[in-house]
Amino acid sequence: METRHQDPATFYKYLEKECNKRIHIYTNCSTFTHAFGKAIENHLDHVVIQQKVINNWLTILDIPSKDDCANLAQRKVDCEDKIDHLDDTLFMLNRGLKKDNSELKELSKSLSDLLCLIENEVKNLRLTK
């Protein structure tokens, strides 16, 4: 027998090749394909029935379903997006407010300087009369 003198890797590759040939022979026919298709359809029918039973129990026990959790997660993401948008808007408004305040301070200082100048001019005019 040759297998005694072969290394294990070669033996297992040969064994794998033979198994694959047999699997291919048994599964490469329309009978198997139709039977496998029927089995998948039956399995999917059972899955649909189980989903309905589970959803009924969840409704009876007032437990949220997967869809309820997904909707809640989507609403949470939407709220986070709105909060981010509000945060950005507040940041921009705050920056604008700081800019406006600094401009108001400059204007106030300029007006104060102008008022002092006008008061000095009025004093000078009164003195010269």
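Whatever comes next refers back to the structure up there.
Reference entry: report on the structure contained in this document. Going along each chain's sequence as written, the residues are numbered from 1 onward. For this predicted model, a pLDDT threshold of at least 70 governs which residues receive local features, and a threshold of 80 or more governs which side-chain atom pairs are given and counted, while totals over whole chains, interfaces and linings are taken from all residues. Remark: hydrogens and water are excluded; side-chain values derive from all non-hydrogen atoms of the structure.

Some thoughts on the overall build of the chain
Here's step 1: Strands here are runs of E lasting at least two residues and helices are runs of H or I lasting at least four, both read from the DSSP assignment and numbered beginning at the N terminus. From N to C terminus, the chain includes three helices and zero strands.
Here's step 2: Secondary structure elements of the chain occur, N-terminal to C-terminal, as α-α-α.
Here's step 3: For the radius of gyration, the atoms used are the C-alpha atoms, and the globule rule reads 2.2 Å times the number of residues raised to 0.38. Relative to the globule expectation of 14 Å for 129 residues, the C-alpha radius of gyration of the chain, 42 Å, shows a markedly less compact shape.
Here's step 4: Residue burial in the chain is summarised as follows: out of 129 residues, 1% are buried.
Here's step 5: With an accessible surface of roughly 12600 Å², the chain has 61% of that area assigned to carbon and sulfur atoms.
Here's step 6: When charges are counted, neither His nor the chain ends are considered; positive counts come from Lys and Arg and negative counts from Asp and Glu. By convention, the point assigned to a charge is CZ for Arg, NZ for Lys, CD for Glu and CG for Asp. Of the side chains in the chain, 19 bear a positive and 21 a negative charge, and the two mean positions are spaced by 2 Å. To sort residues, take the accessible area from a 1.4 Å probe on protein chains only and compare it with the maximum for the residue type: under 20% means buried, over 50% means exposed, and anything in between is partly exposed. Only the protein chains shown count as cover for residues, and all accessible areas are computed by the Shrake-Rupley method using a 1.4 Å probe.

Concerning the environment of Asn 20
Here's step 1: Relative to the assigned elements, Asn 20 resides in helix H1 (residues 8-27).
Here's step 2: As a C-alpha pair, Asn 20 and Gly 37 span 17 residues in sequence and 21 Å in three-dimensional space.

Some details on the packing of aromatic side chains
Here's step 1: Note on aromatic pairs: the rings of Phe, Tyr and Trp (six-membered ring only in Trp) are paired at centre separations within 6.5 Å, and the planes decide the class, stacked below 30 degrees, edge-to-face beyond 60, tilted for the rest. Under the counting rule described, the total for this entry stands at two aromatic pairs.
Here's step 2: Plain terms: the ring middles of Phe 11 and Tyr 12 are 5.3 Å apart, the flat faces sit at 70 degrees to each other, and that makes the pair edge-to-face.
Here's step 3: Residue Phe 11 is classed as partly exposed on the basis of its relative accessible area, which comes to 28%.
Here's step 4: Centroid distance Phe 32 to Phe 36: 5.8 Å. Interplanar angle 20 degrees. Geometry classified as stacked. Remark: Phe 36 and Phe 32 occur in helix H2 (residues 30-60); sequence separation between them is four residues, near one turn of the helix.
Here's step 5: What makes Phe 36 partly exposed here is its relative accessible area of 48%.

A closer look at unusual backbone geometry
Here's step 1: We note that Asp 62 has phi near 55 degrees; this positive angle belongs to a residue other than glycine.
Here's step 2: Looking at the element boundaries, Asp 62 is found in the loop between H2 and helix H3 (66-128).

Focus on the environment of Ser 30
Here's step 1: Among the secondary structure elements, Ser 30 is positioned in helix H2.
Here's step 2: Spatially, the C-alpha atom of Ser 30 lies 72 Å from that of Arg 95, the residues being 65 residues apart in sequence.

Considerations on the pattern of salt bridges
Here's step 1: Note on definitions: salt bridges are taken to be side-chain nitrogens of Lys or Arg within 4 Å of carboxyl oxygens of Asp or Glu. Counted according to the given criterion, the structure contains three salt bridges.
Here's step 2: The partner of Lys 21 in a salt bridge is Glu 18, with the nearest N and O atoms 3.6 Å apart. Linking Lys 21 with Glu 18, this pair stays in helix H1, spanning three residues, or about one helical turn.
Here's step 3: By relative accessible area, Lys 21 is classed as partly exposed at 43%.
Here's step 4: With a closest N to O distance of 3.4 Å, Lys 109 and Asp 113 form a salt bridge. In this pair, Lys 109 and Asp 113 both sit in helix H3, four residues apart, roughly one turn of the helix.
Here's step 5: According to the relative accessible area criterion, Asp 113 is partly exposed, its value standing at 43%.

Keep in mind these numbers describe shape, not what the thing actually does.
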